[in-house]
Amino acid sequence: MSLTVEKEHKKVQTEVLVIGGGTAGFAAAIAAARNGAKVILVEQRDHLGGTHSGGMVMMIRSMRHMRAPQGADHKKVMITSYESSFDDQQVVFSIAQEYIDRMLDIGSAWGAKGQATARQLFDPEIAKWVIERMVLDAGVDVWFYSQTTELLLADGSVTGVVIENLQERIEISAKVTIDTTGNGDVCAAAGARFEQGDPHDGNCQPMTLYFVMGGVDLERTLAYIRDNPAEFGQQYVDTVLRMRTEGKPFTVLPFKSKIKEGLANGDYPIPYGIDKVNPDTLTYMARPMFRNGKFRYDLMSHNMDMAYNVDATNRRELTKATIAMRDIAVKMAAFYRKYIPGYEDSYLVHTAQSVGIRDSRRIVGDYTLTKHDVLSGRKFEDGIGRYGSVVDVHDKDGKESLMLAEVGGSGWFHIPYRTLVPSGVRNLLVAGRCISADYVAQGCTRSQAACMMTGQATGTAAALAVKAGVEPREVNIPELQKTLASQNQLI
Ligand SMILES: Cc1cc2nc3c(=O)[nH]c(=O)nc-3n(C[C@H](O)[C@H](O)[C@H](O)COP(=O)(O)OP(=O)(O)OC[C@H]3O[C@@H](n4cnc5c(N)ncnc54)[C@H](O)[C@@H]3O)c2cc1C
C-alpha cells in the first residue's frame, strides 16, 4: 500500500533574498538588513560562514594590501612572518572589521582590536556563532536546511526561488536576489553566462578538505625544522622559530625529505586526479589553531591540495572527490604519525564540515575584472571598495602555485560594482568567489576579505534598489558609494 502525503504549499515574500550564508552571504544579509530591507538568508547547511567557518579556512587574506618582501624565499616568508604583520595599509573595514573585533573580544582571533593583520587568523568554530549573532542582531530571517530547487523567473527578471523538501514547497518571492552560493548556482540557473576554470583547458584549481590533528608535540616538530635548515631554507627556519618565540602565528611547511621517503615506501597518499607528487613544489601548510585566546600547539590544522581537475558544480564528480579527500586525510594522518617528529602520538580530530572549493564558475557580469586591472592597481568610477591582496592561483597539475605578490600603483585596485551585476539578467546580484573576474584576477578576489566586501556591497545595493524602486543595475552609484563610506568602508 502506498501512502501519498500532500505537500504543504506556502508563499512567502521578502525584499532581499540572499542564497548562500557563507563568507560573502553573511555580509550581504547584514548589509541589506542594516540598510532597511526585509531580508531572508537561505543556507543549505546548518551554519553560517561557509568556507570561512565550516570549510575551516582560518586566515582572512587580506584586509590590508599586501606588499610581500621580494626575493628567492619571499613566498615562504610571506606565509610565516607576513601573516601577523600590521605594516601595509588596511583597505577593508566595515562589517569585516566589526566581525574581527567581535572575535578578538572573546579570544577567537589573533591580533589587536580595530585593525586586521595581513592574514587575519581566527577560530573557525567560534566564527559560526559570532556570525549567527551578527546576522540575527541585524534582523535577518535565517533559513537553514533549505534546498533551493527552482528559480522563479519572469521576462529575464529573477523574482525568487522555491525551497522544497518532502514535506513542503515554499515559494519565496523577492524584489532583489543575491547569489552568494560560491559556485554561482543561482546565476547559472537564471541563464547568466559564466566561465569556468583556466581558459586554456577549462580545468579548475585543486580542492582541499581541511583536517585537524590533535595530540601533536609541536616543540619536537620545530626542533626537527631547526636542525634541518637545508631542507627548509635558513630564512624560513629563522622566521618560524622567531614567530614561535614571539607567540605569533606561523605556518609549518612540507617536510620534503620525509615526503620523498613516504613516497618511496608507498606511505604518502597521492592527491586525487594526478599521478605524482613533487615534494619541492607541493602546496601543504599546517598551522597551530588559535582557541580561547591561545595558540594550541598540540592542535594543528592541515591544508593540502588534495583533489585536482574536479568540476565542483557536478554532483557526481564532487562526491567522488570528497570521498577521495577524506581517504587522503586519514592516510595523511597515518603518514604524519609514522614520519614526522612530534606527530608520533597524534590523531585525526576531524575533517572540515565542507570541502574547500577554490574555483568553479565565474559569472560574467557587466564588467569583468582582469589580471591587468589587479596588477596595475586600476581604479574605477563604480568602485565599491579597495582590494590589494596577493594573487594566488594554485597549479592544476600539482606544480608550483602562481603567487603574484605585488599589486601595482598605490597597492590596491577597485572592485567595480559592475562585476557584481550578472550580465543579461535583472534583479540579481552576485558576490563572493564567483564574481565577474578572469581566471587570474579571481585568484585575488576569491580571498575572504574581498568576498565579505563584495557581499556587503551587494546587500547595500539591494537595499538601495528596493528603496528607490529600481532594479539593482540602475542603483545610483554615488549614493551606493556614499552609503558604504558612511558605514566605514574605504572607497
Ligand atoms: C582550501 C582553501 C584555502 C583557502 N585559503 C584562504 C586563505 O588563507 N585566506 C583567504 O582569505 N581565502 C582563502 N581561500 C578562499 C576563500 O576562503 C573562499 O574563496 C571564500 O571563503 C568563498 O566565499 P563565498 O562566500 O564565495 O563562498 P562560501 O563561503 O563557500 O559560501 C557559499 C555558501 O553557500 C551555500 N550554498 C551553496 N549553494 C546553495 C544553495 N543552492 N542554497 C543555499 N545555500 C547554498 C553553501 O553551503 C555555503 O555556505 C581558500 C579557499 C580554499 C578552498
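Worth saying up front: this structure is predicted, and the values here are computed from it rather than measured.

Caption draft 1: Region of the structure containing the site of the ligand. The environment of the ligand is formed by 33 residues, the closest being T23, E43, T51, M59 and R446. For the ligand, an oxygen atom lies 2.7 Å from a polar atom in the side chain of T23. Between the ligand and the protein, one listed contact pairs a nitrogen atom with a side-chain N or O atom of T148 at 3.2 Å. When the free accessible area of the ligand is taken as 1,000 Å², the share hidden by the protein chains comes to 95%. For the shell around the ligand, the secondary structure elements donating two or more residues are α1 (23–34), β3 (59–61) and α13 (448–468).

Caption draft 2: Quick peek at the state of the cysteines. Per the counting criterion, the structure on display carries zero disulfides. Unpaired in terms of disulfides, C187 finds its nearest cysteine sulfur in C434, a separation of 6.2 Å. On the basis of relative accessibility, which here comes to 0%, the residue C187 falls in the buried class. The thiol of C204 is not disulfide-bonded; the next cysteine sulfur, from C434, is found 12 Å away.

Caption draft 3: Local environment of the environment of P254. With respect to the helices and strands, the residue P254 is situated in the loop between α8 (234–246) and α9 (256–264). Overall, P254 belongs to the buried group, its relative accessible area being 11%. A C-alpha to C-alpha distance of 47 Å links P254 and V158, two positions 96 residues apart in sequence. P254 has contacts with F232, I259, L282 and Y284, leaving out every residue within four places of it along the chain.

Parameters at a glance
Residues numbered from 1 in each chain as written. Predicted model: local features only at pLDDT ≥ 70, side-chain atom pairs only at ≥ 80, totals over all residues. Heavy atoms only, no water. Near = heavy atom within 4 Å. Polar contact = N/O pair within 3.5 Å; in protein donor to acceptor, adjacent residues only side chain to side chain. Areas by Shrake-Rupley, 256 points an atom, 1.4 Å probe, with all protein chains shown as cover. Helix = DSSP H or I, 4+ residues; strand = E, 2+ residues; numbered from the N terminus. Disulfide = S-S within 2.5 Å. Buried < 20%, exposed > 50% of the residue type's maximum accessible area, 1.4 Å probe, protein only. Contact = heavy atoms within 4.5 Å.

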